[in-house]
Amino acid sequence: AEMLVQNGCYCVAEGANMPTEPEAIEVFQKHKILYGPGKASNAGGVAVSGLEMSQNSLRHAWTREGVDERLHDIMESIHNTCVMYGTSKDGYTDYVKGANIGGFMKVAQSMIEQGIV
């Protein structure tokens, strides 16, 4: 992580499930590197799997464009959630913080709606 910072890296997006060590994440955050954790950057694959299950359940086939549009909307929503909950006063967006808080809020809202809380 330190070498990436020294070499001028300004963006890191995980391409696997949480491969970055916590110490490296701290370095990225300290230096305000745009860091996309796997839970946010890999969500597209999970979303496409969900869309596929929906199609199968509905016995309906969407066009490639229809799937792309739905995926785009999902990923844009994830980005907006990360920005909403992860942007600090100086304008830096901590996608780890945003994804964590956004995920918590989604679960908490579901619990409230189901009368669990």
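Residues numbered from 1 in each chain as written. Predicted model: local features only at pLDDT ≥ 70, side-chain atom pairs only at ≥ 80, totals over all residues. Heavy atoms only, no water.

Novice: Even after reading the chapter, I still don't get the side chain of Glu14, so can you show me in this structure?
Specialist: Among the secondary structure elements, Glu14 is positioned in the loop between β1 (11-13) and α2 (22-30). For the buried Glu14, no salt bridge exists, and the shortest N-O distance to an oppositely charged side chain is 8.3 Å, to Lys39. Among residues more than four places away in sequence, those in contact with Glu14 are Pro19, Thr20, Tyr35, Gly36, Pro37, Gly38, Ser41 and Asn42. (Helix = DSSP H or I, 4+ residues; strand = E, 2+ residues; numbered from the N terminus. Buried < 20%, exposed > 50% of the residue type's maximum accessible area, 1.4 Å probe, protein only. Lys, Arg positive; Asp, Glu negative; His and termini not counted. Salt bridge = Lys/Arg side-chain N within 4 Å of Asp/Glu carboxyl O. Contact = heavy atoms within 4.5 Å.)

Novice: For this particular structure, what's the right way to read the confidence of the model for the protein?
Specialist: Caution is warranted with low-pLDDT regions, since their predicted coordinates should not be read in detail. Per-residue pLDDT for the protein averages 93, and the proportion of residues at 70 or more is 100%. Per-element averaging of pLDDT across the protein places helix α3 (residues 38-41) at the bottom with 86 and helix α1 (residues 2-6) at the top with 97. (pLDDT = per-residue confidence, 0-100.)

Novice: Would you explain a nonpolar patch on the surface in this entry?
Specialist: Where nonpolar side chains cluster on the molecular surface, the patch consists of Val107, Met111, Ile112, Ile116 and Val117 and spans about 480 Å² of accessible area. Here Ile112 shows up in helix α6 (residues 95-113). (Patch = residues over 30% accessible without salt bridge, like charges linked within 9 Å, V, L, I, M, F, W, Y side chains within 5 Å. Areas by Shrake-Rupley, 256 points an atom, 1.4 Å probe, with all protein chains shown as cover.)

Novice: Help me understand the packing of aromatic side chains in this model?
Specialist: Following the criterion strictly, the structure yields one aromatic pair and no others. One residue, Arg70, lies across the ring of Trp62, its end atom 3.9 Å from the ring centre. (Phe/Tyr/Trp six-rings, centres within 6.5 Å; stacked < 30°, edge-to-face > 60°. Lys NZ or Arg CZ within 6 Å of the ring centre and 35° of its normal.)

Novice: Even after reading the chapter, I still don't get α6, so can you show me in this structure?
Specialist: An α-helix turns once every 3.6 residues. As a result, residues three or four positions apart point the same way. Taking 1.5 Å as the rise per residue, α6 with 19 residues should run 27 Å; its terminal C-alpha atoms sit 26 Å apart, in good agreement. The complete set of buried residues in α6 reads Tyr95, Val96, Gly98, Ala99, Gly102 and Ala108. For α6, the N-terminal cap is Asp94; the gap from its side-chain oxygen to the backbone nitrogen of Val96 is 3.0 Å. (Expected span 1.5 Å × (residues − 1). Polar contact = N/O pair within 3.5 Å; in protein donor to acceptor, adjacent residues only side chain to side chain.)

Novice: Please clarify how the pattern of salt bridges should be interpreted in this entry.
Specialist: When the charged atoms of two side chains lie near each other, side chains of opposite charge can form a pair. Taken as a whole and judged by the stated rule, the model has one salt bridge. Of the charged contacts in the structure, one is a salt bridge between Lys32 and Asp90, with a shortest N-O distance of 3.0 Å. Note that Lys32 is positioned in the loop between α2 and β2 (34-36) and Asp90 in the loop between α5 (64-86) and α6, a separation of 58 residues in sequence. On the accessibility criterion, Lys32 (42% relative accessible area) is partly exposed.

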